[in-house]
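A structural walkthrough
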Amino acid sequence: MQSKIQIHTAEVGSQAIITLSVPAAKADMVADAIRSMLTLAGHKVHRINSEGEEVVSAEDVFPEASPAMALRGFRGKMEWSQQELAEKLGTTQNCISAMESGKRHISVNMAKRLGKVFNISYKAFL
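Here the structure is a predicted model, which means the values were calculated and not measured.

Conventions we followed
Residues numbered from 1 in each chain as written. Predicted model: local features only at pLDDT ≥ 70, side-chain atom pairs only at ≥ 80, totals over all residues. Heavy atoms only, no water. Phe/Tyr/Trp six-rings, centres within 6.5 Å; stacked < 30°, edge-to-face > 60°. Helix = DSSP H or I, 4+ residues; strand = E, 2+ residues; numbered from the N terminus. Patch = residues over 30% accessible without salt bridge, like charges linked within 9 Å, V, L, I, M, F, W, Y side chains within 5 Å. Areas by Shrake-Rupley, 256 points an atom, 1.4 Å probe, with all protein chains shown as cover. Salt bridge = Lys/Arg side-chain N within 4 Å of Asp/Glu carboxyl O. Buried < 20%, exposed > 50% of the residue type's maximum accessible area, 1.4 Å probe, protein only. Contact = heavy atoms within 4.5 Å. Polar contact = N/O pair within 3.5 Å; in protein donor to acceptor, adjacent residues only side chain to side chain.

1. Describing the packing of aromatic side chains
Counted by the stated rule, this structure contains four aromatic pairs. Judged by centre distance (5.4 Å) and plane angle (25 degrees), the rings of Trp80 and Phe118 are stacked. Highlighted residues: Trp80 in the loop between α3 (67-78) and α4 (82-89) and Phe118 in helix α6 (residues 108-118), separated in sequence by 38 residues. Site record: aromatic cluster; members linked through ring pairs are Phe74, Trp80, Phe118 and Phe125.

2. What about a nonpolar patch on the surface?
On the surface, Ile5, Ile7, Ile18, Leu20, Ile34, Met37 and Leu38 cluster together into a nonpolar patch covering about 640 Å² of accessible area. Elements with a contribution of two residues or more to the nonpolar patch: β2 (15-21) and α1 (27-40). If you tally residues by element for the nonpolar patch, the top one is α1, at three residues.

3. What to know about unusual backbone geometry
In this structure, Glu79 is a non-glycine residue whose phi angle is positive, near 60 degrees. Of note in this structure, Asn119 is not a glycine but carries a positive phi near 60 degrees. Here Asn119 lies in the segment after α6.

4. A look at the environment of Gln93
With respect to the element layout, Gln93 can be found in helix α5 (residues 93-100). A residue is classified by how much of its surface remains accessible, and Gln93, at 27% relative accessible area, is partly exposed. Distance in space between the C-alpha atoms of Gln93 and Gln83 is 4.8 Å, their sequence separation being 10 residues. If we ignore the near neighbours within four places in the chain, the residues touching Gln93 are Gln82, Gln83 and Ala86. Engagement of the side chain of Gln93 in a polar contact is seen with the side chain of Gln82, the distance being 2.5 Å.

Okay, structure coming up:
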């Protein structure tokens, strides 16, 4: 049996709205294909939730995000000095400073220790 796809267009000001009706079982596949084509063509594709609000990713909001930024942010949220965090981790203030400035890589072992201290997933620091 062949799937029926309906396409409707409408103009609103200088924009055109295209509406597709596809079988529910194929909806995700069709949407992914359209997103891929538009992205390849250089267009920014925005996702909209069921309330009509744009869905944004953490990467969109924090394009310069890094493990160093996460460490600074979580330490700041806890209102700990670098020295206080260093003592909790059994390391030095200089080590914390180097990790927060991005001069020192955060190892998996250190990320796990940080995750335990902040009570979050260690993956936030990788």
